[in-house]
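Each chain, written out:
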Amino acid sequence: MREAKNVFIGFGKAAKTLAFKLAQAGESVVMIEGSDQMYGGTCINIACIPSKLLYTLSMAPVVGTKTRNYQQAVLNKRSVIGGLRTKNLHKIADLPAVTVLTGWAKFIDEHTLTVSYANGQTEQVHGERIFINTGAKAILPAIPGLVDSKFMVTSTEMLDQARLPQKLVIIGGGYIGLEFATTYQQFGAQVTILDNKAQFMARDEREVAQAVHAQFDQAGIEVVQDAQVTRVTDVGTHAEITATVAGQPQTFVADTILVATGRVANIAGLGLENTAIKTDAHGIVVDDHLRTTVANVWAMGDVRGGAQFTYISLDDYRIVYDQLKGAGKKSLQEQELVPHTVFLNPPLSTIGLNEEQAKAQGTAYRVAKIPAGAMPKAHILGNPAGYLKALVAADDQILGATLYCEEAYEVINLISLAMHHHLPYQVLRDQIFAHPTMSEALNDLFETLG
Ligand SMILES: Cc1cc2nc3c(=O)[nH]c(=O)nc-3n(C[C@H](O)[C@H](O)[C@H](O)COP(=O)(O)OP(=O)(O)OC[C@H]3O[C@@H](n4cnc5c(N)ncnc54)[C@H](O)[C@@H]3O)c2cc1C
Ligand SMILES: NC(=O)c1ccc[n+]([C@@H]2O[C@H](COP(=O)([O-])OP(=O)(O)OC[C@H]3O[C@@H](n4cnc5c(N)ncnc54)[C@H](O)[C@@H]3O)[C@@H](O)[C@H]2O)c1
């Protein structure tokens, strides 16, 4: 039997970072990854990186023309992702203390896994410690005809589809739905989003949801709320999607149906029933230090049923590493305040409280708000749309921000830093920023508060 001090199931963000650190410290590591197409995990292969690469390319006309070349973009994406995958593999596989096994792992007891290889062979691996980092997979709703439709894809297939859809229907108006609508519309697809909630962008405040909706209207992205999809039927070259919209039957036509209705923890087939590791409706149950209900097993990233973001998985690594090699003080508590970005055009980044939440909680606040068009950099970038808004408490601490503007995904990190370090808003108001940048909007934004 193969043995190691540290055995990882899944080559995700937390696992690869922790494996690298432990191996560098001379501890033996076995990394088990099911697919040779997934070294480095979901983010780099089938999620954040390919989707943001296509998003970026969807905004960039081919030099000398006004067209965006979708086929070229997909080829470009394959080449970049292939390079990153190899780099990720070698970064840990080349360390003398690491063995990478390409096969699917399943618990047979709390210290032992069976690894099944593509050639039908199996092997047993014993771990003093075992770290589960198996991620999440797309939820496929039980809609008659959906999974059998040849036009149905999840984000994974969509990101590698060589042909640009002409009529794309997206079921689900969350992160993936909104981002893919933006990207594929910009490449030239006709896009309709069918979301089952009554409100567009139900998690966000109405002000920004209305601003995004107006931008979608302008771009020609159709958004249908309160849509309960009841059936999908393939009809030759396209599919018909039947839905009840606000109680009325409607039919939509698509040559690609993207299912983006959330993702669920990847625990099926892991053999958890052979252990005392508990699960709930969200995933593997962990405590604030990511320990499962079995002392030698930890769970990190999407599989533990929390917020599904790569930066959360990375922070999960920090929590576990701190237990193994540090003071053991880091915990999930520190993940409560984190920035989020939806990669729209312009992008939308948020952190902390929004105005509706502050009102509902009865928190006293002042509002700072400026239009994005006030910033020269927004004009340089050719998109002065949107606004920046922040909430400040009576003691001058920043309560939260909504940035719907060019480069919001960079600027939000400065606000996050200020909030985490309890800096009063005046620090950002008076900070000298490089010019011309979008960050300098923070001078103007907080200047409005005096
Ligand atoms: C389209 C899309 C876009 C996204 N964009 C962003 C974004 O812009 N920013 C952001 O922060 N987040 C984004 N996310 C979310 C982000 O991708 C995930 O939160 C993150 O990748 C989760 O990483 P992880 O560490 O949990 O594990 P993962 O990276 O998911 O790794 C899990 C690995 O485990 C392997 N595995 C599973 N079961 C087994 C088994 N039994 N044996 C062996 N191996 C196994 C899998 O093959 C996989 O490689 C996006 C997600 C999607 C789908
Ligand atoms: N930029 C980023 O950070 C980023 C980008 C993409 C994905 N992600 C992560 O991946 C996760 C999964 O993304 P997602 O968009 O699949 O999930 P999501 O939870 O963000 O959105 C799912 C949407 O689908 C709707 N829905 C559910 N069932 C439906 C049905 N039967 N018919 C119509 N609508 C339905 C929900 O109401 C919701 O609006 C996200 O929650 C996020 O954590 C992050």
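Residues numbered from 1 in each chain as written. Chains lettered and ligands numbered in written order. Predicted model: local features only at pLDDT ≥ 70, side-chain atom pairs only at ≥ 80, totals over all residues.

To keep things clear, this is the line we draw: UniProt positions are given in the numbering used here, feature names are shortened, and annotations may be inferred rather than shown by experiment.
An unreviewed UniProt entry lists the chain under the name Pyridine nucleotide-disulfide oxidoreductase. The Sequence similarities (unreviewed entry) field of the UniProt record for the chain holds the comment "Belongs to the class-I pyridine nucleotide-disulfide oxidoreductase family."

**With respect to the UniProt feature "active site" (unreviewed entry) in the chain**
The test is simple: Helix and strand definitions follow DSSP, with helices as H or I runs of at least four residues and strands as E runs of at least two, each counted in order from the N terminus. Buried means a residue has 20 or more other C-beta atoms within 10 Å of its own C-beta, exposed means 12 or fewer, and partly exposed covers the counts in between; C-beta atoms are placed from the backbone.
Under the UniProt annotation, "active site" (unreviewed entry) lies at His435. Along the polypeptide, His435 turns up in the loop between helix 12 (425–430) and helix 13 (441–447). The exposed category is assigned to His435, around which 10 C-beta atoms lie within 10 Å.

**Some words on the site of ligand 2**
Stated precisely, the cut-off is as follows: Any residue whose C-beta atom, as placed from the backbone, lies within 6 Å of a molecule or strand is termed near it.
Around ligand 2 there are 23 residues in total, and Gly172, Gly174, Ile176, Thr261 and Gln308 lie nearest to it. If you tally residues by element for the shell around ligand 2, the top one is helix 6 (residues 175–187), at four residues.

**Side note on the nonpolar core**
What counts is decided by this rule: Defined on buried residues, the nonpolar core groups Ala, Val, Leu, Ile, Met, Phe, Trp, Tyr and Cys residues joined through C-beta atoms within 7 Å. We call two residues in contact whenever the C-beta atoms placed from their backbones are within 7 Å.
If you look at the biggest cluster of nonpolar residues, it comprises 86 residues, and the most contacted ones within it are Val169, Ile170, Ile241, Ile257, Leu258, Ile398 and Cys405. The greatest single-element share of this core, amounting to seven residues, is contributed by helix 6. Not counting the four nearest positions on each side in its chain, Cys405 is found in contact with Pro346, Ala372, Ala378, Gly386, Tyr387, Leu388 and Met438. Counting 45 residues, the second-largest nonpolar core is a separate cluster that includes Ile32, Trp104, Leu113 and Val125.

**Thoughts on the sheet that holds strand 8 (residues 152–153)**
Applied cut-off: At least two bridges found by DSSP between two strands is the condition for calling them paired. Note on method: axes are straight lines fitted to C-alpha atoms, helices fitted across the in-contact stretch only, with angles between N-to-C directions ranging 0 to 180 degrees.
Taken in spatial order, the five strands line up as 8-15-9-10-11 in an open sheet, and their pairing is parallel. Single-partner strands in this sheet number two, and they are strand 8 and strand 11 (222–224). Most of the contacts of helix 6 go to strand 10 (residues 190–194), to which it runs at about 170°, and overall it touches strand 9 (167–171), strand 10 and strand 15 (256–259).

**Remarks on the site of ligand 1**
Short version of the rule: In this classification, Asp, Glu, Lys and Arg are treated as charged, Ala, Val, Leu, Ile, Met, Phe, Trp, Tyr, Cys and Pro as nonpolar, and every other residue, Gly included, as polar.
Looking at ligand 1, there are 35 residues lining it, with Gly10, Gly12, Gly41, Gly135 and Gly301 nearest. At the level of elements, helix 1 (13–24), strand 2 (29–33), helix 2 (42–46), helix 3 (48–58), strand 4 (104–107) and helix 8 (310–325) are the ones that each hand at least two residues to the shell around ligand 1. When the residues that make up the shell around ligand 1 are grouped by side-chain class, the tally is 15 nonpolar, 16 polar and four charged.

**Focus: helix 8**
Applied cut-off: Here, expected helix span is obtained from the residue count minus one, scaled by 1.5 Å.
The terminal C-alpha atoms of helix 8, which comprises 16 residues, lie 22 Å apart, in line with the 22 Å expected from a rise of 1.5 Å per residue. In this structure, the buried side of helix 8 is in contact with helix 1 and strand 17 (297–299).

**Focus: the sheet that holds strand 18 (residues 340–342)**
A sheet is described by the order of its strands in space; here five strands give the open sequence 18-19-22-21-20, paired in antiparallel fashion. Since the sheet does not close on itself, it has two edges, and those belong to strand 18 and strand 20 (366–371), each with one partner. Neighbour-to-neighbour, the strand axes of the sheet open up by a mean angle of 10°, direction not taken into account. Strand direction decides the pairing type here: strand 18 and strand 19 (residues 348–352), joined by three bridges, are antiparallel. Along strand 19, the bridge assignment pairs Thr341 with Ser349.

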